Amino acid sequence: MRHFKALGIKFIIIAIVLLSLFGIFRGASLGNLLLMSLLVTGISYLIGDLFTLPRMGNLFATLADFGLSFFSVWLLSYLFLENTSSLITASLTAAALITACEALFHAYMRNKVLDDENREQVRQQFQPSYQTEVAEEYEVEPKDLKKK
């Protein structure tokens with residue numbers, strides 16, 4: 001149930017971005033945009049949120065989501081939409097807006113969806129524990145060495 005709620009939130013975020021950019025400025029049909037939103041949501045949720053986020057952390061997952069969002073939006077808009085002028089610019093803008101929302105979505109995923117075992121795994125893997133040695137220093141005089 002937690003995953004369905006997270007998928008719904010992610011789908012709404014991606015659908016709003018794609019409907020805003022491609023629906024208003026590029027005149028794409030609603031059916032194509034909803035299909036694109038569904039495919040982008042599935043790809044980025046599986047790869048970015050369930051695979052990359054627990055293993056690599058928020059920064060790497062956000063960067064991976066940017067790349068996944070850009071390439072999937074660009075490819076799907078090339079396949080589904082008729083007007084292909086300035087497709088890369090629209091895809092980069094959509095990916096940037098999706099990525100801005102993904103940083104907040106990853107916090108939700110960590111707190112509500114992912115279990116404690118995955119959080120502990122990330123903490124151990126990417127947050128090394130450095131220890132320092134603490135000791136008292138004494139000045140040793142050559143005359144003190146002769147007494148012993």
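This text follows the structure it describes.
Fair warning: this is a prediction, and the values are worked out from it, not measured in the lab.

**Quick notes on the pattern of salt bridges**
A pair can form between side chains of opposite charge whenever their charged atoms are brought close. Going through the model one piece at a time under the given rule, you end up with two salt bridges. One salt bridge connects Lys 10 with Asp 49, and the closest N-O pair in it is separated by 2.8 Å. One end of the pair, Lys 10, is in helix α1 (residues 2-25); the other, Asp 49, is in helix α2 (residues 30-56), and 39 residues separate them in sequence. Take Lys 10: its relative accessible area is 0%, and that puts it in the buried class. We note a salt bridge from Lys 10 to Glu 102, for which the minimum N-O separation is 2.4 Å. With Lys 10 in helix α1 and Glu 102 in helix α4 (residues 87-113), this pair connects stretches of sequence that are 92 residues apart.

**Some points on the environment of Glu 82**
On the secondary structure map, Glu 82 appears in the loop between α3 (58-80) and α4. Sequence spacing of Glu 82 and Gly 27 is 55 residues, and the spatial spacing of their C-alpha atoms is 9.6 Å.

**Focus: the environment of Asp 49**
Exposure remark for Asp 49: the relative accessible area of 0% places this residue in the buried category. Measuring from C-alpha to C-alpha, the distance between Asp 49 and Ala 64 comes to 9.5 Å, with 15 residues separating the pair along the chain. If we skip the residues at most four places from it in the chain, Asp 49 touches Lys 10, Ser 44, Pro 54, Asp 65, Glu 102, Phe 105, His 106 and Met 109. At a separation of 2.9 Å, a polar atom in the side chain of Asp 49 contacts the side chain of His 106.

Each value, and the rule that gives it
Residues numbered from 1 in each chain as written. Predicted model: local features only at pLDDT ≥ 70, side-chain atom pairs only at ≥ 80, totals over all residues. Heavy atoms only, no water. Salt bridge = Lys/Arg side-chain N within 4 Å of Asp/Glu carboxyl O. Helix = DSSP H or I, 4+ residues; strand = E, 2+ residues; numbered from the N terminus. Buried < 20%, exposed > 50% of the residue type's maximum accessible area, 1.4 Å probe, protein only. Contact = heavy atoms within 4.5 Å. Polar contact = N/O pair within 3.5 Å; in protein donor to acceptor, adjacent residues only side chain to side chain.

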